[in-house]
Structures are given as C-alpha cells and as structure tokens.
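Inside the fold
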Amino acid sequence: MEGFSRYRALTPDEQEPGADEGVFRNRLGIKPLERIQAYEQAYLERAYESLFAMDTYTLPVTSLMIKDWHREIFGELYDWAGEWRTVELHLPSDEIIFCPSINIESTMAQYEKKLESYKPTNSLECLSNDLATLHAEFVIIHPFRDGNGRIARFITQYLLLNAGIIGFKWQNVLENREKYHKGIQAAFVKKSYDLLSSLFLSEIS
C-alpha cells in the first residue's frame, strides 16, 4: 500500500537537512521531494527491466532475494536499503500498526516459508487469491523503512511471471487505487483477501 511512509513525519536524523518535508536523508543530498521521487521511479523502472530480462523465474522467492531487490532499487539513495527496518511504523488515520521491528526477522522467516510452498495453479481464481494473500501479508509486515508497496508489487510480479502471466500491468490495478487500498485494509482488519483478489483477477483475465 504505497504512501504509508509518506504519511508519517520523519525523525530529525532521518530527514535530509534543508530538504522538503518527507525527504529521507540520502546519499546524493537531494532536497526537493519531486526530484527524489523521480530518482526512485527511475531506479524502480530499471529494476523491472532487469526482472523482465531474466531467463527463468523458477527459483522460490526468499528473504535474501527480497532484500537484494530493495537494495537494487533504493541502494544508490539510502543507507538503509536492503535492511529490515529498526523503527516502528503505523498509519494513525486507520489505526493500523505494522509488524513490530523486533519481530520482523522471525515474521519474514515465516513469510518465506509461505513463498517456498507457493505453487502456481491453472485456476486463475485460485492464482489471484494466492497472490492477493501473499501480497497483502507482505504489506502487513512492512519490513522496510520505505518502499514496501513497491517491493510487494515487485514480488507479485515475479510470482506472476513464474505462473506464465506476462501481460499483467500494475498501472491498470492502481488506476483503482481506492479499491486497492481497501483490499489491503480488509486484509489487515478482517483477514479477507477477496477484494484484492478480484482486482488481480480482473487484470489477469
């Protein structure tokens, strides 16, 4: 659920000195919010290009792969790229609290086991439900300081390619951003993945 981190004020040691509100301290000393977002988007697009250029998608997704992906996207900007967060994150407006930082290592180990046991299915309905569950559970953990929504979508894209689905486009899903957010919230509050699954199914189909 992209935007979570942007809703919280950064602590003084996280904020880039003299930068726009919401700009993390970064390796390039970038201060304008629009400029740092442009860099992030460029690195994200580069990572997707690398993903689609891969020869095979048969390896199970692991925590190490997830950390590497995060580092590939954000490593040129932030010191904390590719590392589990050490701060607590929450979304006050929805009273949503993410996984406590002290539990991230063990929770991600459990999540990795679910990824290892994931098997693509010929049923698009079952596939959509499996992907929605794994997608939402990662967002609920929110293991990184920022970029969790982008990494959740990156993981899901890999799993789609593993299932032979090559035409899935996130921009179509996110055009209905309100429904996407409600789907994540339903997973948080009700452990219901139906709304998110229906969004995925509409694009897969």
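Criteria and cut-off values
Residues numbered from 1 in each chain as written. Predicted model: local features only at pLDDT ≥ 70, side-chain atom pairs only at ≥ 80, totals over all residues. Heavy atoms only, no water. Helix = DSSP H or I, 4+ residues; strand = E, 2+ residues; numbered from the N terminus. Buried < 20%, exposed > 50% of the residue type's maximum accessible area, 1.4 Å probe, protein only. pLDDT = per-residue confidence, 0-100. Contact = heavy atoms within 4.5 Å. Salt bridge = Lys/Arg side-chain N within 4 Å of Asp/Glu carboxyl O. Expected span 1.5 Å × (residues − 1). Polar contact = N/O pair within 3.5 Å; in protein donor to acceptor, adjacent residues only side chain to side chain.

1. A few points about the overall build of the protein chain
Within the protein chain, the regular secondary structure consists of 8 helices and 2 strands. When the elements of the protein chain are put in sequence order from the N terminus, they spell out α-α-β-β-α-α-α-α-α-α. Overall, the C-alpha framework of the protein chain stretches about 55 × 40 × 35 Å when taken along its three principal axes. Taking all 205 residues of the protein chain together, 50% fall into the buried category.

2. Comments concerning the confidence of the model for the protein chain
Summing up the model confidence of the protein chain, the mean pLDDT is 91 and the portion of residues at 70 or higher is 94%. Scored below 50 in pLDDT, residues 1-7 makes 25 contacts in the model with residues more than four places away or belonging to other chains.

3. Concerning the pattern of salt bridges
Counted according to the given criterion, the structure contains 10 salt bridges. The salt bridge involving D79 is made with R27; its shortest N-O contact spans 2.7 Å. One end of the pair, D79, is in the loop between α2 (63-74) and β1 (90-91); the other, R27, is in the segment before α1 (33-52), with 52 residues separating them in the sequence. Relative accessible area serves as the criterion here: at 60%, D79 is assigned to the exposed category. R46 is the salt-bridge partner of E76, the closest N and O atoms lying 3.0 Å from each other.

4. Things to note about helix α3 (residues 104-117)
Over its 14 residues, α3 runs 20 Å from end to end, which matches the ideal 20 Å to within 8%, given 1.5 Å per residue. For α3, the secondary structure elements touched by its buried residues are α2, α4 (124-141) and α5 (148-162).

5. Section: the side chain of S101
When you line up the elements, S101 lands in the loop between β2 (96-97) and α3. At 2.5 Å, the side chain of S101 forms a polar contact with the side chain of E88. If we skip the residues at most four places from it in the chain, S101 touches R85, T86, V87 and E88.

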